[in-house]
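What follows is each chain in one-letter form.
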Amino acid sequence: EMCIRDRFPTRITKLCDFSYFSTANPLQLHMLDTARRVSVNDFPIIIEGESGTEKEMLAQAIHRNSRRHGGPFISLNFSSLNPSGIEAELLGTEENPSLGTRRHMGAFQAACRGTLLINGIQHTALQTQQLLLNVLQNGYYMPLGSSVPLSLDVRMIATTTTDLYSLVLEGRFLDDLFFLLN
């Protein structure tokens, strides 16, 4: 059985907080002020920006300023995961010798009482988008091979380098998921 550290390594250095950011740009100051304000609520968030704009650092600051700051901060990069394995990474799996699966903890369980960051949500297949939508709407999920539902207790933050609303208009991103995350 794998532990959280094996599947979802924790960072040795502490997570960034809002003091990490320094700017005089009025647009960036407004963005940081908005991020501070929304961090105290438990709403899902989409962070959109170009590559290299430190979206994950902002997500860490939001987590550290939230009521979930004592819980784990788990990050999954959807652009680097095999599309067929994303479901198992999110939900986890139960041991099932007939299917040849071993038990491992998914990201939803690893991030319990904390924050789950999904980097590159624009790369998500429609099937995975539907899974995320169902889990967020229902508030529970079932590890693959299990018949026992587990309560979802995570704050979801998603990052993207693409305007997700334009993907919604093109039919490549579920509108319900977009509005639920945004």
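Keep in mind that what you see is a predicted model, and the values were worked out from it rather than measured.

Colleague: Mind showing me how you'd approach the nonpolar core here?
Modeller: Note on soluble globular proteins: their nonpolar side chains tend to be buried together. The biggest cluster of nonpolar side chains holds 31 residues, and the ones touching the most others in it are Leu90, Phe108, Leu116, Ile121, Leu132 and Phe173. The element that contributes the greatest number of residues to this core is helix α6 (residues 126–138), accounting for four residues. If near-sequence neighbours (up to four positions away) are discounted, Phe173 is found in contact with Ile121, Leu126, Gln129, Leu164, Leu167, Val168 and Phe178. Listed in part, the 13 residues of the second largest apolar core include Leu58, Ile62, Phe73 and Leu117.

Colleague: Even after reading the chapter, I still don't get a nonpolar patch on the surface, so can you show me in this structure?
Modeller: Together, Tyr165, Leu169 and Phe179 line one region of the surface with nonpolar side chains, adding up to about 350 Å² of accessible area. With respect to the helices, strands and loops of the structure, Leu169 is situated in helix α7 (residues 164–169).

Colleague: Explain the environment of Leu116 to me, please; I cannot follow it from the model alone.
Modeller: As for its placement among the helices and strands, Leu116 is situated in strand β5 (residues 114–119). We classify Leu116 as buried; its relative accessible area is 0%. A C-alpha to C-alpha distance of 15 Å links Leu116 and Asn65, two positions 51 residues apart in sequence. Beyond its immediate chain neighbours, meaning those up to four positions away, Leu116 contacts Ile74, Leu90, Ala107, Phe108, Ala111, Arg155, Met156 and Ile157.

Colleague: I would appreciate a short explanation of the sheet that holds strand β8 (residues 154–160) in the present structure.
Modeller: Sheet architecture is open: four strands sit in the order β1-β8-β5-β2, paired in parallel fashion. Since the sheet does not close on itself, it has two edges, and those belong to β1 (45–48) and β2 (73–77), each with one partner. Geometrically, the sheet is characterised by an average inter-axis angle of 20° between neighbouring strands, direction not taken into account.

Colleague: Got a minute to help me understand helix α2 (residues 26–39) in this structure?
Modeller: Because the α-helix completes a turn every 3.6 residues, residues three or four places apart line up on one side. The end-to-end C-alpha distance of α2 is 20 Å, a good match for the 20 Å that 14 residues give at a rise of 1.5 Å each. Taken residue by residue, α2 has Leu32, Ala35 and Ser39 as its buried positions. Within α2, the buried residues cover an arc of 60° as seen down the axis, which keeps them to one side. Exposed residues lying more than 90 degrees from the buried face of α2 are Pro26, Leu27 and His30. For α2, the elements touching its buried residues are α3 (55–64) and β8. A side-chain oxygen of the first residue of α2 lies 2.7 Å from the backbone nitrogen of Leu27; this N-cap is Asn25.

Colleague: Is there a simple way to think about the pattern of salt bridges in this case?
Modeller: Note that side chains of opposite charge can pair when their charged atoms are close. Summed over all chains, the structure comprises seven salt bridges. Residue Arg68 is joined to Asp153 by a salt bridge in which the shortest nitrogen-to-oxygen separation is 2.9 Å. With Arg68 in the loop between α3 and β2 and Asp153 in the loop between β7 (150–151) and β8, the pair connects residues that are 85 residues apart, well separated along the chain. Judged by relative accessible area, Arg68 falls into the buried class, the value being 5%. A salt bridge links Glu170 to Arg172; the nearest nitrogen and oxygen atoms lie 3.0 Å apart. Salt bridges sharing common partners tie together Asp42, Arg67, Arg68 and Asp153.

Colleague: How should the confidence of the model for the protein be read in this particular structure?
Modeller: A low pLDDT means the predicted coordinates there should not be read in detail. Taken as a whole, the protein shows an average pLDDT of 88; of its residues, 90% reach a score of 70 or greater. Taken as a whole, residues 1–7 scores under 50 in pLDDT and shows ten contacts with residues more than four places along the chain or in a different chain. Taken as a whole, residues 9–13 scores under 50 in pLDDT and shows four contacts with residues more than four places along the chain or in a different chain.

Each value, and the rule that gives it
Residues numbered from 1 in each chain as written. Predicted model: local features only at pLDDT ≥ 70, side-chain atom pairs only at ≥ 80, totals over all residues. Heavy atoms only, no water. Core = buried A, V, L, I, M, F, W, Y, C linked by side-chain atoms within 4.5 Å. Buried < 20%, exposed > 50% of the residue type's maximum accessible area, 1.4 Å probe, protein only. Helix = DSSP H or I, 4+ residues; strand = E, 2+ residues; numbered from the N terminus. Contact = heavy atoms within 4.5 Å. Patch = residues over 30% accessible without salt bridge, like charges linked within 9 Å, V, L, I, M, F, W, Y side chains within 5 Å. Areas by Shrake-Rupley, 256 points an atom, 1.4 Å probe, with all protein chains shown as cover. Salt bridge = Lys/Arg side-chain N within 4 Å of Asp/Glu carboxyl O. Pairing = 2+ DSSP bridges. Axes fitted to C-alpha atoms, helices over the stretch in contact; angles between N-to-C directions. Expected span 1.5 Å × (residues − 1). Arc of directions from axis to C-beta. Polar contact = N/O pair within 3.5 Å; in protein donor to acceptor, adjacent residues only side chain to side chain. pLDDT = per-residue confidence, 0-100.

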